[in-house]
Amino acid sequence: MGNIMEKLELTAQSMYCKKIEELTPAELHYSLGKAVMGEIAGNWEASKIKHDSERRAYYFSAEFLMGRMMYNNLYCLGILEDVTKLLKKKGIDINVFEDIDDAALGNGGLGRLAACFLDSAATQEVPLDGYGIRYKYGLFKQLIENGYQVETADNWQRFEDPWCNRVEDEAVTVSFKGQTVKAVPYDMAVIGCKTTNINTLRLWQAEAVNDFDFTAFNNTEYNNAVQEKNDAENITKVLYPNDNKYEGKVLRLKQQYFFCSASLQDIMRRYKKKHGNDFSFFAKENTIQLNDTHPVSCVPELVRLLMNEGFNFDDAFEIARKTFNYTNHTVLGEALEKWPADLMTQVIPEIYHIICLIANKCQEELTAKGVHEDTKAKMRIIDGNVVHMARLATYASTYVNGVAELHTEILKADVLKEWYQVYPERFQNKTNGITQRRWLGLCNPELSALITEKVGSDAWLTDLSLLEKLNDSIDTRTITKFNNIKKKKKQQLADYIKKMDGYDVNPDSIYDIQVKRLHEYKRQLLNAFSIMTIYFRLKDKKLKNWTPTTFIFGAKAAPGYARAKAIIKYINEIAKLVNNDPETKDLLQVYFISNYNVSYAEKIVVAADLSEQTSTAGLEASGTGNMKFMLNGAPTLGTLDGANVEIAECAGIENEYIFGAKVEDIERMKKEGYHPKALYDANPEIKRVVDTLIDGTFDDGGAQGEGSFKELHDSLLKDSSWQKADNYFLIYDLPDYVDTKIRANTEYANRKEFGKKCLINIANAGKFSSDRTILQYAKEIWHTSYKK
Ligand SMILES: *Cc1c(COP(=O)(O)O)cnc(C)c1O
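Per an unreviewed UniProt entry, the chain carries the name Alpha-1,4 glucan phosphorylase and comes from Ruminococcus bromii. The record in UniProt for the chain states the following under Subcellular location (unreviewed entry): "Cytoplasm". Per its UniProt entry, the chain bears the Catalytic activity (unreviewed entry) comment "[(1->4)-alpha-D-glucosyl](n) + phosphate = [(1->4)-alpha-D-glucosyl](n-1) + alpha-D-glucose 1-phosphate".

Next up, the structure:
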């Protein structure tokens, strides 16, 4: 400990010629980061040596949404409190690091899951390293201007990045048609909690192969060299801002192949150092988890690399199939990657050729297994001119998994039905989880202390199943303590929102919160409609005994997603109306906070009274936001979808607020017909609310009935050439949703009964630790070691 402060002092002196107390926040961040990196160097090296000697797993992911590193790393090292005190002695508030940007190298749930998995693997001593992309710019920063989302670049590296070591001498080259670039690894330490184990996240940065001497060039040479440099660096310049949506762009395909090829070359190099050219142990010593289909070009790439080592195609493919496992994250058609064959030919022709070989082998294998021709046609990896990445991944993997029980059942019954029939032994479920270190220990020290007191120790930090001990101590005193903690966290969030967004949130109101990416299937618009319904009832004096409620939204929309952006504007228009209406403003407040990210989430999930999880049943694969809220004691106001089902199972459905159509109901309506227009015509209250999109209540920037709200209105009531009316069943679910929301509001008034529900949620949240998930991967898929 004294050691860290000494190292900090030395770094400050040598880098900035300053004393600690003279450093700017950015300089202090860099110096302290480097001091921590120095402190852990020995343990990190020892962990690498240990992992080199055993079977190990790799997590391949195009996204790692790590969030802010400083507090988490100090926390996991067990020195956050001491460092806070020591800095305070120098007159420095540890909160200065709040000004340092998050590492936002991911979009949402999928990227955050990858980050939680790394944290859990390090803590549970699972030899798992991550491989991904070091984007120069992470997910855009969001501003809200006049109610509209405005995007700005996320230049997160402007503060320097003390957490990564550039490993120049392990750079490799990656070739595309007509272009070869250098891939330079940046290693980030993933620090376990209550262990000396440290894992590695290796992120690749694209650079020009040549270190140009620009002064030696004539004009043409100079221009060519600049072009080569820019073309190379462009590959890892930006993160694609889509969540749950496939975008078939050349640059995206290059990104994917770039990090897959570099990572596999890296694994091969390490392997060859041990075994030379004998690849018979490759699949015994290495297993690779594909986080969605984004890294699936690894499959043909590994085959190609092995064929370069002298293998024939069939033997190379057998090794690949033993090495890979695939996690599916979505059932949404628009999110399933389907690359045009000509685009692949244009960028990575050798890889496309190998995919053709794999596709043929697959069809032959299916024939040999006696699979019917019609079924075989549905399983083509290359169909027409399209490469189906989920099919390729499923065929080339040992295990395929969904991310919640319901989701896995839907994969087996629907999305991957044919594959499940032929290869049932491949399918597994691995319900997602979240790390309790960041999502309880670090972000809610007050609740953590209460839990530690009740559980008898802080062992829950590495074994969350211990929370069940809380079930025996939910008495009046504990409930009061919990309610007081919640109150404190609500005040803290109000202060933070004031600082970040300038809003005055009433800390004595109910906090009803929906934060997640903006997507039609997540149905933020349904929440907005329920608020308008309640607003009208309050205005009409039809709603009695309503406890004042603040509805908080946070969500980024993909910049090209017009409907999602229109929904943001609509929510902000509602906010303007209800927050300023003297008849309602003390009862109803609506706020859309800007730039929702991991650091904002850490302040939000701890302060929520209700967790909005409103996706159309069957469409949210798992959700992990739902788990963060549960762990901090907010009951779920949601549908029976994704992991909500398991949350309700664990805590008891009577301790959640469940509403709406179930998967079977949705399926029945799809089969027998669903007529939202008829429901709308028959129910004046629904009609009044939905028509606020077009009747002049709100301003959407367009002329009356022509702007973006009109398109939303049409999407709910009219079939289009590409989508049925109300594709996400908002109108069907609205009445039950409003009833359930009002019931929650009424029950909240009984502070003791409601507090009890909150504590029951916490006590039964043990299942949702990513430690549990990662240990299941280790035991049931990877067969690696783990902490005993
Ligand atoms: C947890 C998290 C998500 C995922 O939220 P869902 O509600 O599961 O979609 C998205 N973004 C951030 C910043 C998160 O922390």
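Caption draft 1: Molecular detail of the sheet that holds strand β13 (residues 338–340). The strand order β13-β15-β14 describes an open sheet built from three strands, whose pairing is antiparallel. Across the chains shown, the open sheet's two edge strands, defined by having one partner strand only, are β13 and β14 (382–383). Across three bridges, β13 lies against strand β15 (residues 386–388) in antiparallel orientation. When the sheet's bridge partners are listed, Lys338 is paired in β15 with His388.

Caption draft 2: Representation of a negative patch on the surface. A surface patch of negative charge is lined by Glu6, Glu9, Glu21 and Glu22. Tracing the sequence through the fold places Glu22 in the loop between α1 (2–16) and α2 (25–52).

Caption draft 3: Broad picture of empty space enclosed by the protein. Counted under the stated rule, the structure contains nine cavities of 30 Å³ or more. If you go around the largest cavity, you meet 49 residues; those closest to its centre are Asn107, Gly108, Gly109, Leu110 and Asp243. Among the secondary structure elements, those contributing two or more residues to the lining of the largest cavity are α5 (109–123), α22 (598–604) and α23 (625–631). Looking at the lining of the largest cavity element by element, the count peaks at four residues for α5. Looking at side-chain class alone, the lining of the largest cavity contains 20 nonpolar, 15 polar and 14 charged residues. Counting residues domain by domain, the lining of the largest cavity receives three or more from each of domain 1 (2–332 + 774–782) and domain 2 (436–768).

Caption draft 4: Geometry of the UniProt feature "modified residue: N6-(pyridoxal phosphate)lysine" (unreviewed entry) in the chain. The UniProt entry lists Lys628 under the feature "modified residue: N6-(pyridoxal phosphate)lysine" (unreviewed entry), expressed in the numbering used here. Structurally, Lys628 is set in helix α23. Aside from chain neighbours lying at most four places away, what touches Lys628 is Arg112, Ile434, Trp439 and Val605.

Caption draft 5: The site of the ligand, seen in detail. Near the ligand there are 14 residues, and of these Lys516, Lys522, Thr624, Gly625 and Lys628 occur at the shortest range. Within the contact set of the ligand, an oxygen atom lies 2.8 Å away from a side-chain nitrogen or oxygen of Lys522. Between the ligand and the protein, one listed contact pairs an oxygen atom with a side-chain N or O atom of Lys628 at 2.6 Å. A total of 390 Å² of accessible area belongs to the ligand in isolation, and the protein chains cover 95% of it.

Caption draft 6: View of helix α9 (residues 298–308). Most of α9 sits out of view: nine of its eleven residues are buried. All of the buried residues along α9 are Cys298, Val299, Pro300, Glu301, Leu302, Val303, Arg304, Leu305 and Leu306. Phi turns positive one or two residues past the end of α9, at Gly310, with a value near 110 degrees.

Caption draft 7: The pattern of salt bridges, seen in detail. Applying the stated criterion across every chain yields a total of 64 salt bridges. The partner of Glu170 in a salt bridge is Arg269, with the nearest N and O atoms 3.1 Å apart. Taken together, the residues Glu170 in the loop between β7 (164–166) and β8 (172–176) and Arg269 in helix α7 (residues 250–275) connect sequence positions 99 residues apart. Here Glu170 falls in the partly exposed class, since its relative accessible area comes to 23%. Arg523 is the partner of Asp733 in a salt bridge, and the nearest nitrogen-oxygen pair spans 2.7 Å. In this pair, Asp733 sits in helix α29 (residues 730–748) while Arg523 sits in the loop between β18 (510–515) and α20 (524–539), placing the two residues 210 residues apart along the sequence.

About the thresholds
Residues numbered from 1 in each chain as written. Predicted model: local features only at pLDDT ≥ 70, side-chain atom pairs only at ≥ 80, totals over all residues. Heavy atoms only, no water. UniProt positions renumbered as here; feature names shortened; annotations may be inferred. Pairing = 2+ DSSP bridges. Helix = DSSP H or I, 4+ residues; strand = E, 2+ residues; numbered from the N terminus. Patch = residues over 30% accessible without salt bridge, like charges linked within 9 Å, V, L, I, M, F, W, Y side chains within 5 Å. Areas by Shrake-Rupley, 256 points an atom, 1.4 Å probe, with all protein chains shown as cover. Salt bridge = Lys/Arg side-chain N within 4 Å of Asp/Glu carboxyl O. Lys, Arg positive; Asp, Glu negative; His and termini not counted. Charge placed at Lys NZ, Arg CZ, Asp CG, Glu CD. 1 Å grid on protein atoms, 1.4 Å probe; cavity = no way out; pocket = protein on both sides within 12 Å on 5 of 7 lines; lining within 4 Å. Points joined across faces, edges and corners; volume = space filled by probe spheres on them. Nonpolar A, V, L, I, M, F, W, Y, C, P; charged D, E, K, R; others polar. Domains from an automatic or database assignment. Contact = heavy atoms within 4.5 Å. Near = heavy atom within 4 Å. Polar contact = N/O pair within 3.5 Å; in protein donor to acceptor, adjacent residues only side chain to side chain. Buried < 20%, exposed > 50% of the residue type's maximum accessible area, 1.4 Å probe, protein only.

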